[in-house]
Amino acid sequence: MQLTNPLILSVLLLSSAAVAQTHIPATGLCNTGLTLASPLPTGCTTSTLVSPVNPESGGPSVDGNWQLATPYPSGDNDAQPPNPCTLHSFGPAWVDAPWVGWFNPDDGLSQWITPEVEGPVAANGWYVYRTSLPVPPIGASHSAYLLSVAGQLMVDNHVVGMVLESPAASPLTCRLVSEANLAGFSAWIPFTFATPVLPDARAYLYLVTWNGKGDIGNPMGLRVEFTSAYFTRVD
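Residues numbered from 1 in each chain as written. Predicted model: local features only at pLDDT ≥ 70, side-chain atom pairs only at ≥ 80, totals over all residues. Heavy atoms only, no water.

A.B. asks: What should I look at first to understand the pattern of salt bridges in this one?
C.D. replies: Opposite charge on two side chains permits them to pair, given that their charged atoms come into close proximity. All chains considered together, the criterion is met by two salt bridges. Residue D107 pairs with R223 through a salt bridge whose shortest N-O separation is 3.2 Å. Within this pair, whereas D107 is found in the loop between β4 (90-95) and β5 (113-114), its partner R223 is found in strand β11 (residues 221-234), the two being separated by 116 residues in sequence. With a relative accessible area of 32%, D107 lands in the partly exposed category. (Salt bridge = Lys/Arg side-chain N within 4 Å of Asp/Glu carboxyl O. Helix = DSSP H or I, 4+ residues; strand = E, 2+ residues; numbered from the N terminus. Buried < 20%, exposed > 50% of the residue type's maximum accessible area, 1.4 Å probe, protein only.)

A.B. asks: How should the nonpolar core be read in this particular structure?
C.D. replies: Note on soluble globular proteins: their nonpolar side chains tend to be buried together. Of all hydrophobic cores here, the largest spans 36 residues; its most connected members are Y129, L147, L153, F191, L207 and F231. Mapped onto this core, the elements with two or more residues apiece are β3 (61-69), β4, β6 (125-135), β7 (144-165), β9 (182-197), β10 (201-211) and β11. Looking at this core, the element that brings in the most residues is β7, giving eight residues. Excluding its chain neighbours within four sequence positions, the residues that come into contact with L207 are W66, Y127, V128, Y129, L153, V159, G161, M162, L222 and V224. Counting 10 residues, the second largest nonpolar core, distinct from the first, contains L87, Y204, Y206 and V208. (Core = buried A, V, L, I, M, F, W, Y, C linked by side-chain atoms within 4.5 Å. Contact = heavy atoms within 4.5 Å.)

A.B. asks: Honestly, the pairing of β6 in this entry has me stumped. Any pointers?
C.D. replies: Moving residue by residue along a regular strand, the side chains alternate between the two faces of the sheet. Taking burial as the measure, the 11 residues of β6 include nine buried ones, the bulk of the element. Of the pairings in the sheet, the one linking β3 to β6 comprises three bridges and is antiparallel in character. Bridged to L68 within β6 is Y129. Bridge count for β6 against β10 is 11 bridges, and the pairing is antiparallel. Following the sheet pairing, W126 is matched in β10 by W210. (Pairing = 2+ DSSP bridges.)

A.B. asks: Even after reading the chapter, I still don't get the side chain of N65, so can you show me in this structure?
C.D. replies: With respect to the element layout, N65 can be found in strand β3. Dropping the residues within four chain positions of it, N65 is found in contact with C30, N31, G43, C44, T45, R130, T131 and S132.

A.B. asks: I tried to follow the packing of aromatic side chains on my own but got confused; where do I start?
C.D. replies: Note on aromatic pairs: each is described by the distance of the centres and the angle between the planes. For the coordinates displayed, the defined rule picks out six aromatic pairs. Ring geometry for W102 and W112: centres 4.2 Å apart, planes at 20°, overall stacked. Within this pair, whereas W102 is found in the loop between β4 and β5, its partner W112 is found in the loop between β4 and β5, the two being separated by 10 residues in sequence. Pair check on accessibility: W102 and W112 agree, each one buried. (Phe/Tyr/Trp six-rings, centres within 6.5 Å; stacked < 30°, edge-to-face > 60°.)

A.B. asks: Which parts of the structure should I look at to understand the state of the cysteines?
C.D. replies: In protein structure, a disulfide is the covalent linkage between the sulfur atoms of two cysteines. All told, the structure shown has one disulfide when counted by the stated rule. One disulfide in the model links C85 with C174; its S-S distance is 2.0 Å. The sign of the S-S torsion, about 75°, decides the handedness of the disulfide formed by C85 and C174: right-handed. Taken together, the residues span a long stretch of sequence, with C85 in the loop between β3 and β4 and C174 in strand β8 (residues 174-178) at a distance of 89 residues. (Disulfide = S-S within 2.5 Å.)

A.B. asks: Quick question: what am I supposed to make of unusual backbone geometry here?
C.D. replies: Residue P73 is bonded to the preceding Y72 through a cis peptide linkage, with omega at 0°. With respect to the helices, strands and loops of the structure, P73 is situated in the loop between β3 and β4. Going from S166 to P167, the amide bond is cis rather than trans, its omega being 0°. Checked against the element boundaries, P167 lands in the loop between β7 and β8. Of note, the phi angle at A169 is positive, near 65°, even though the residue is not glycine. Within the secondary structure, A169 sits in the loop between β7 and β8.

A.B. asks: Before we go on, may I ask you to explain the environment of T42 in this structure?
C.D. replies: Of note, T42 is situated in the loop between β1 (23-25) and β2 (48-49). For the pair T42 and G28, spaced 14 residues apart in sequence, the C-alpha to C-alpha distance is 6.0 Å. Leaving out residues up to four positions away in the same chain, T42 has contacts with T27 and G28.

A.B. asks: Even after reading the chapter, I still don't get the environment of P171, so can you show me in this structure?
C.D. replies: By the secondary structure assignment, P171 is in the loop between β7 and β8. On the basis of relative accessibility, which here comes to 38%, the residue P171 falls in the partly exposed class. Ignoring any residue separated from it by four or fewer positions in sequence, one finds P171 in contact with C85 and E165.

This is the structure:
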């Protein structure tokens, strides 16, 4: 007995293929730290060995994909968070041994990144991390992409905002894509966002983080893993 009409089956297959084609992987959105996955996602690099090593922690490398606004902190912790798109100086984020007490799963996908001085008493205030990603060209019948992102992170102390600048270096295009207050360094914290981006350009993703006051045991660090990131064409 024939259970499926051949014409219906053909239509379903064509429809599935069309849906699949609408999702274009955002391959240049990279996890923090030295990504050990082989092969590396397109557009991502490993960390970079530096000499001399971090004088505070002995860490021998900086992240190849993420940077940290300098000088840091970018504002006092009792002030309003800075607009990351107006910060023009960014330096290395260090791939260091995690602070005692930070959850540090050895999954081979990400590591903690920190300022040069992440502890024992990192300066309190605002720390702004940045990564960039390429946005592919688009056909003439479409004007923009929707970038959809899901992932997980850990932070000491808080991520208070995620901001996208598309295209990069265009402060007027700065857009808050998440204002969830994410806090914790003992377990993964999920996050998601979706936002329009302009095609055929680079975009910056900023994570605005906050480190509270502390006299002892007051480190600062961030760890991010992207579990899904793709572009969808929109009119």
